[in-house]
Amino acid sequence: MVSGKFSTAAVLLSAAALTLTACGSDSATAPAGGTQSSSSSESTVTGTLSGAGASSQDSAMQAWIAGFGEANPGASVQYSADGSGAGREALLAGGVQFAGSDAYLDEEEVAAAAAVCGPEGALHIPAYISPIAVAFNLPGVDELNLDATTIAKIFRGEITAWNDPAISEANPGVELPSTPVTPVHRGDESGTTKNFTEYLAAAAPDAWTDKASGEWPAEIGNGENASGTGGVVSLVTSTEGAVTYADASAAGDLGTVSVLVGSDYVALSSEAASKAVEASTPVTGEGRPDGDMAMELDRDTTESGAYPLVLVSYHVYCTGYENAETVDLVKAFGEYVVSEEGQAAAQDAAGNAPLSEALREKAVTALEGITVLQK
């Protein structure tokens with residue numbers, strides 16, 4: 001089961017992320033770097049905050065909504081888990097006040113954000129960090145070793161049976177059936193798809209010739225598709241021989257893949273994900289505000305023990321809103337999410353790895369810079 005593999009060493013992400021923070025450049029009711037007050041009498045935040053986006057965050061989001069609402073009885077948060085692409089689209093259309101996204105805004109979206117969010121545009125705050133599982137339904141087989149090229153060929157429909165030599169040779173001693181392989185991909189635009197195809201394009205460029213994208217390549221016509229993290233996991237769970245990619249915390253009892261990194265196969269875990277985050281660099285470019293925390297991950301790393309199929313899921317906020325009430329509400333919710341209390345609530349609900357103290361402090365500083373737009 002994924003839960004056992006994924007829950008170990010979560011705390012190590014805190015130490016590993018310090019290196020990232022050192023090199024990095026995504027009125028509140030809580031002090032900077034602190035947690036949201038548990039006393040409702042101390043909260044003056046009111047109103048309703050609306051968000052939409054990544055389904056990978058959904059379990060964590062429900063925990064954040066509950067915890068924030070308990071601490072702030074005059075405020076509420078609504079979130080529609082429609083997928084990362086839909087969330088970014090809604091934010092840029094002015095339909096929601098924040099987006100959950102497993103992928104950061106591209107250059108075109110950054111430019112569009114200035115029209116909605118003010119001249120400084122949108123701000124990425126990392127909220128949720130988790131490995132992406134390559135998860136499969138093969139009775140009697142709980143774990144497999146696969147390299148990136150084999151994974152790419154599976155999802156392109158070039159490997160059609162589970163006892164294909166490419167799979168058998170990487171898994172000596174494992175009795176593999178001739179069951180047909182049924183790849184399952186996201187049918188909606190998805191940040192998880194963007195992260196997965198980034199990995200394939202970087203680690204297996206000869207086998208995966210498409211550019212990384214949140215939309216599944218239209219020319220790959222094999223397999224099945226479903227919407228949302230829950231949709232693909234449900235379809236694989238009910239289909240013997242099926243395989244998909246999904247947030248590790250949602251993979252449940254499905255088998256999972258250890259990926260080849262350098263000369264070793266690395267299983268998904270918080271420790272392995274932390275090493276991938278450690279090797280990340282900040283995203284730069286015109287239109288990105290000071291303090292933005294978007295991260296560029298090294299997908300083809302050969303770092304021993306690193307699991308490069310990791311997603312950093314963001315909350316994308318405007319750097320400016322039309323009134324002080326909204327600014328106060330955004331800051332309060334944003335600070336609660338990244339607080340020790342908020343990250344613990346998410347970890348209990350979803351099994352993700354918590355942010356480090358250093359990343360948390362940087363996030364709070366960035367959130368404090370959100371202001372009322374000048375008219």
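Residues numbered from 1 in each chain as written. Predicted model: local features only at pLDDT ≥ 70, side-chain atom pairs only at ≥ 80, totals over all residues. Heavy atoms only, no water.

**Q** Teacher, can you tell me more about the overall build of the protein here?
**A** Secondary structure assignment for the protein yields 13 helices and 15 strands. In the protein, buried positions account for 56% of the 375 residues. As displayed, the protein has an accessible area near 14400 Å², and 47% of this comes from carbon and sulfur atoms. (Helix = DSSP H or I, 4+ residues; strand = E, 2+ residues; numbered from the N terminus. Buried < 20%, exposed > 50% of the residue type's maximum accessible area, 1.4 Å probe, protein only. Areas by Shrake-Rupley, 256 points an atom, 1.4 Å probe, with all protein chains shown as cover.)

**Q** Would you mind going over the layout of surface pockets with me for this structure?
**A** Think of a ball as big as a water molecule: rolled over the atoms, this probe shows where empty space is left. Roughly 250 Å³ of internal volume is contained in the largest pocket. In this structure, the largest pocket is lined by 17 residues; those nearest its centre are Glu120, Pro289, Thr319, Gly369 and Thr371. Considering the residues around the second largest pocket, the lining is formed by Gly94, Gly95, Val96, Gln97, Val116, Cys318, Gly320, Tyr321, Glu322, Thr326 and Leu373. Considering only residue class, the lining of the second largest pocket consists of 5 nonpolar, 5 polar and 1 charged. (1 Å grid on protein atoms, 1.4 Å probe; cavity = no way out; pocket = protein on both sides within 12 Å on 5 of 7 lines; lining within 4 Å. Points joined across faces, edges and corners; volume = space filled by probe spheres on them. Nonpolar A, V, L, I, M, F, W, Y, C, P; charged D, E, K, R; others polar.)

**Q** Looking at this structure, how should I read the environment of Tyr128?
**A** Along the chain, the position of Tyr128 falls in strand β4 (residues 122–136). A relative accessible area of 0% means that Tyr128 is categorised as buried. Distance in space between the C-alpha atoms of Tyr128 and Gln57 is 7.0 Å, their sequence separation being 71 residues. The residues touching Tyr128, leaving out its near neighbours within four places in the chain, are Ser56, Gln57, Ala60, Trp64, Asp247, Ser249, Leu311, Val312, Ser313, Ala350 and Asn352. A distance of 2.9 Å separates polar atoms of two side chains, one belonging to Tyr128 and the other to Asp247. (Contact = heavy atoms within 4.5 Å. Polar contact = N/O pair within 3.5 Å; in protein donor to acceptor, adjacent residues only side chain to side chain.)

**Q** What should I look at first to understand the packing of aromatic side chains in this one?
**A** Scanning the model with the defined rule gives 12 aromatic pairs in all. Judged by centre distance (6.3 Å) and plane angle (50 degrees), the rings of Phe68 and Tyr336 are tilted. Of this pair, Phe68 sits in helix α3 (residues 58–71) while Tyr336 sits in helix α11 (residues 324–338), and the two are 268 residues apart along the sequence. Judged by relative accessible area, which is 2%, Tyr336 ranks as buried. For the pair Phe136 and Trp162, a centre-to-centre distance of 5.7 Å together with 45 degrees between the ring planes defines the contact as tilted. Taken together, the residues Phe136 in strand β4 and Trp162 in the loop between α6 (148–155) and α7 (165–170) connect sequence positions 26 residues apart. Assigned by exposure class, Phe136 and Trp162 land together as buried. Aromatic ring contacts, followed pair by pair, group Phe68, Tyr79, Phe98, Tyr317, Phe333 and Tyr336 into a single cluster. The ring of Trp208 is capped by Arg156, whose NZ or CZ atom sits 5.0 Å from the centre of that ring. The ring centre of Tyr104 lies 6.0 Å from the NZ or CZ of Lys194, which sits over that ring. (Phe/Tyr/Trp six-rings, centres within 6.5 Å; stacked < 30°, edge-to-face > 60°. Lys NZ or Arg CZ within 6 Å of the ring centre and 35° of its normal.)

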